[in-house]
Amino acid sequence: MLFRGWGKSVDGPWPDLATVVDHVGVPHLVVTRHALVRRVLADPVTFRPDNALDAVTPIPVAALRVLAGHRFRLPPTLANNGGASHPEIRGIVADALHPHRVAAQRPWLTGLVRDRVAGLTAALDAGRPVDLYADLAADLPLLVLARLVELPDAPVGAVKDFARAALELFWAPLDGSRQLALAAEVGRFHTVLRGFAATGGGLAARLRAAGHSPDVVVGALFFLLVAGQETTSQFLTLLLHRLAGEPAVRAGLRSGEVGVDDVVEEGLRLEPPIVTWRRVAAVDTTLGEAPVAAGTSVVAWLARAGRDPAVVDAPDEFRPGQPGSRRHLAFGAGPHRCVGAQLARMEAAVVVAEAAPLLDGVTVVRPPWCPDNLTFRMPDAFVVRRV
Ligand code: HEM
C-alpha cells in the first residue's frame, strides 16, 4: 500500500513532493501542496488522466479471465478519458446533472431524509443504537442518482456491493484470491449494466442517440454508479462522524450562526471521501523546481491539499466559513473536475440540515472504520446511541 491518505499520515510532516514506492514496487510522485496539486489536475495535456482507473494491484491473469468471461471492458469515457470524445460525453452527463435538475430533487430528498431521521430519533429515544451509515447515508445518493439519470430498477444492495467491489478491485492492496472474488462481483454487474446500456432510457438513451458505442455507454454508467453514489454516501458518513465531535459547530447550526453550506465545504476540505487522484506525466516536465519524467505516476493528494496553510487560515480546525475553507480540491480541478459536485453538495446540505440534531446527546458506539485503499475512504459503519 502506498499510504493511507487520511488520519495520522495527512497530519504528519511532508515535503512538497515525495517519491513513494507502493506495495508492488511501483514508484509514485506524491504531490502535497495545494498549488502543485491544482497545477497537475488543471493541465491534462502535461498530466494526462489515462491512469485514473488503473488497478493499483495489477490484476492477475486468472481474475482477468473472469472479467473477460463477463465481456468486461472499460474504455476511456469520463475520468480516464484524455481524448477527443471527453467533452461531448461529459456534456451529456453534465446535462443530466444540471443544477436545475439537481435543485428539483431537493424537496423529495428532504422529505425522505426527514422521515428517516424521525425513525432514527424514535430508535434513539427507545435506547436503541443506530447506524448512520447503513440506516441513513448508504443508499440516499443512489436513490437520487437513479431519478436523475433514469436508472432502470436494480436492487440497491446489488449496486452498493458492486460499487464497493470495484473500489476495492481497482484501488486497494489485494491478494490473488480476493481479486478473483472481486472480479466475479464486478463482472456480474457489468453484464447487468450492458443490458441497461442497450435498453435503458434517460442518460443511456441520450448517449446512444449521440452515436456512442455500447462500450462507451456501459463505461459511463459504470463510472457514474461508482463515483456518483458511493463517494457521496461515504462523505455523508464521514461528515456526520466529524460533526459528532464538533458540538460547537452543531450549536452554531442550531442557532443559525453557522451556515449549512459552510459546514459542507469545511467537511469536504477536512473529510474528503476521495483522498488522492492519479494522473500520468505525458512528457518530461517539471513540478515546482523538480524534474518529472514522462510516464511518472503522479498522485495528487487532495486531502493534504485541503490542509495547506498557504490557502486556509486554521488548516486542521473545523471552522465553517473560515478564509480558504472553500478552496479545497475535493472535487478535483480543470476539465475533469467532478461533474456531480452540485449534486453532492445538495445531498450533503439536506443531510446536515435534517440529521445534525440527531447527534445531540449521543455517544459514538462504533466510529467508521476505513480499510486500506489508495483513493477511497469507504467507511463501513457509524453507530451511535443516546447516553
Ligand atoms: C462528495 C462527493 C464527491 C466527491 C468528493 C467527488 C470527487 C471527484 C473527483 C476528485 C473527481 C476527479 C476530478 C479530476 O480529475 O480533476 C471526480 C470526477 C467525477 N465525478 Fe465526482 N465526486 C463526488 C460525487 C459525484 C457525484 C454525485 C457524481 C455524479 C452523480 C460524480 C460524478 C463524477 C464524474 C462523472 C467525474 C468524471 C468527470 C470527468 O472526467 O469529466 N461525482 N469526482
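So, a few notes on the structure that sits alongside this text. (Residues numbered from 1 in each chain as written. Predicted model: local features only at pLDDT ≥ 70, side-chain atom pairs only at ≥ 80, totals over all residues. Heavy atoms only, no water.)

A count of helices and strands for the protein gives 16 helices and ten strands. Radius of gyration (C-alpha) of the protein: 20 Å, near the 21 Å computed for a compact globule of 387 residues. Taking the principal axes of its C-alpha atoms as reference, the protein extends roughly 55 × 50 × 40 Å. Sorting the 387 residues of the protein into buried and exposed places 55% on the buried side. Of all intrachain contacts in the protein linking residues separated by at least 6 positions in sequence, the fraction that spans at least 24 positions is 74%. One way to put it: in the protein the 40 positive side-chain charges average out to a point 2 Å from where the 39 negative ones average out. (Helix = DSSP H or I, 4+ residues; strand = E, 2+ residues; numbered from the N terminus. Rg over C-alpha atoms; globule rule 2.2 N^0.38 Å. Buried < 20%, exposed > 50% of the residue type's maximum accessible area, 1.4 Å probe, protein only. Contact = heavy atoms within 4.5 Å. Lys, Arg positive; Asp, Glu negative; His and termini not counted. Charge placed at Lys NZ, Arg CZ, Asp CG, Glu CD.)

With that out of the way, let us pick up the packing of helix H12 (residues 230-244) against helix H14 (residues 260-270). Where H12 contacts H14, the axes come no closer than 10 Å and their chain directions differ by 105 degrees. For the element pair H12 / H14, the angle class is roughly perpendicular. Contacts from Phe235, Leu239, Arg242 and Leu243 of H12 reach H14 at Val263, Val264, Gly267, Leu268 and Leu270. A per-class count over the contact of H12 with H14 returns seven nonpolar, one polar and one charged. (Axes fitted to C-alpha atoms, helices over the stretch in contact; angles between N-to-C directions. Parallel < 35°, antiparallel > 145°, perpendicular 65-115°, else oblique. Nonpolar A, V, L, I, M, F, W, Y, C, P; charged D, E, K, R; others polar.)

On to the coordination of the iron atom of the ligand. In ideal tetrahedral geometry, four donors around a metal make angles of 109.5 degrees, whereas ideal octahedral geometry with six donors gives angles of 90 or 180 degrees. Protein coordination of the iron atom of the ligand is limited to a single donor, Cys338 (SG), positioned at 2.3 Å. Its place among the elements puts Cys338 in the loop between helix H15 (302-305) and helix H16 (341-355). (Donors = N, O, S within 2.8 Å, 3.2 Å for Na, K, Ca; no water.)

What follows deals with the site of the ligand. Around the ligand, the surrounding shell holds 30 residues, and the nearest of these are His86, Arg90, Arg279, His336 and Cys338. Contacts to the ligand include Leu78, whose backbone N or O atom sits 3.2 Å from an oxygen atom. Between an oxygen atom of the ligand and a side-chain N or O atom of Trp277, the distance comes to 3.4 Å. If you list the elements that add at least two residues to the shell around the ligand, you get helix H4 (86-96), helix H11 (214-227), H12, strand S5 (276-281) and H16. Looking at the shell around the ligand residue by residue, the class counts come to 20 nonpolar, seven polar and three charged. (Near = heavy atom within 4 Å. Polar contact = N/O pair within 3.5 Å; in protein donor to acceptor, adjacent residues only side chain to side chain.)

As a further point, take the packing of helix H7 (residues 140-149) against H16. In the contact formed by H7 and H16, the axes pass within 11 Å of each other and the chain directions differ by 135 degrees. With respect to their mutual orientation, H7 and H16 come out oblique. When the axes of H7 and H16 are compared, the crossing they make is right-handed. For the pair formed by H7 and H16, the contact residues are Leu140, Pro141, Val144 and Leu148 on the first element and Leu343, Glu347 and Val351 on the second. Tallied by class, the residues present in the contact of H7 with H16 amount to six nonpolar, no polar and one charged. (Left-handed = near helix turned anticlockwise from the far one by under 90°.)

Time to look at the packing of aromatic side chains. Enumeration over the complete set of coordinates arrives at eleven aromatic pairs. Note on Phe3 and Trp14: the rings are 5.7 Å apart at their centroids and 70 degrees apart in plane angle, and the pair reads as edge-to-face. In this pair, Phe3 sits in the segment before helix H1 (8-11) while Trp14 sits in the loop between H1 and strand S1 (17-21), placing the two residues eleven residues apart along the sequence. Relative to Trp301, the ring of Trp14 has its centre 4.9 Å away and its plane inclined at 85 degrees; by these criteria the two rings are edge-to-face. Of this pair, Trp14 sits in the loop between H1 and S1 while Trp301 sits in strand S8 (residues 297-301), placing them 287 residues apart in sequence. A relative accessible area of 24% places Trp14 in the partly exposed class. These aromatic residues form a ring-pair network of at least three members: Phe72, Phe162, Phe170, Trp171, Phe189, Phe222, Trp277 and Phe376. Its end group placed over the ring of Trp108, Arg147 keeps NZ or CZ at 3.9 Å from the ring centre. One residue, Arg304, lies across the ring of Trp301, its end atom 5.9 Å from the ring centre. (Phe/Tyr/Trp six-rings, centres within 6.5 Å; stacked < 30°, edge-to-face > 60°. Lys NZ or Arg CZ within 6 Å of the ring centre and 35° of its normal.)

The subject of this paragraph is helix H10 (residues 202-209). If you check which residues of H10 are buried, you get Gly202, Leu203, Ala204 and Leu207. Those residues of H10 hidden inside the fold are in contact with H4, H7, helix H9 (176-199) and H11. Looking one or two residues beyond H10, the residue adopting positive phi is Gly211, at roughly 90 degrees.

Turning our eyes to something else, we now look at the sheet that holds strand S2 (residues 27-31). Strand pairing in a sheet relies on backbone hydrogen bonds, with the paired strands running either antiparallel or parallel. Spatially, five strands are ordered S1-S2-S8-S5-S3 in an open sheet, and the strand pairing comes out mixed. Lying at the two open borders of the sheet, with one neighbouring strand each, are S1 and strand S3 (47-48). Looking at chain direction, S2 and S8 are connected through four bridges and run parallel. When the sheet's bridge partners are listed, Val30 is paired in S8 with Val299. In the packing of helix H2 (residues 34-42) onto the sheet, the strands contacted are S1, S2, S3, S5 and S8, and the crossing angle to S8 comes to about 125 degrees. (Pairing = 2+ DSSP bridges.)

Turning our eyes to something else, we now look at the side chain of Thr32. Among the secondary structure elements, Thr32 is positioned in the loop between S2 and H2. Judged by its relative accessible area of 2%, Thr32 falls in the buried class. Ignoring sequence-local partners within four residues, the contact set of Thr32 consists of Trp14, Pro15, Asp16, Val37, Trp301, Arg304 and Ala305.

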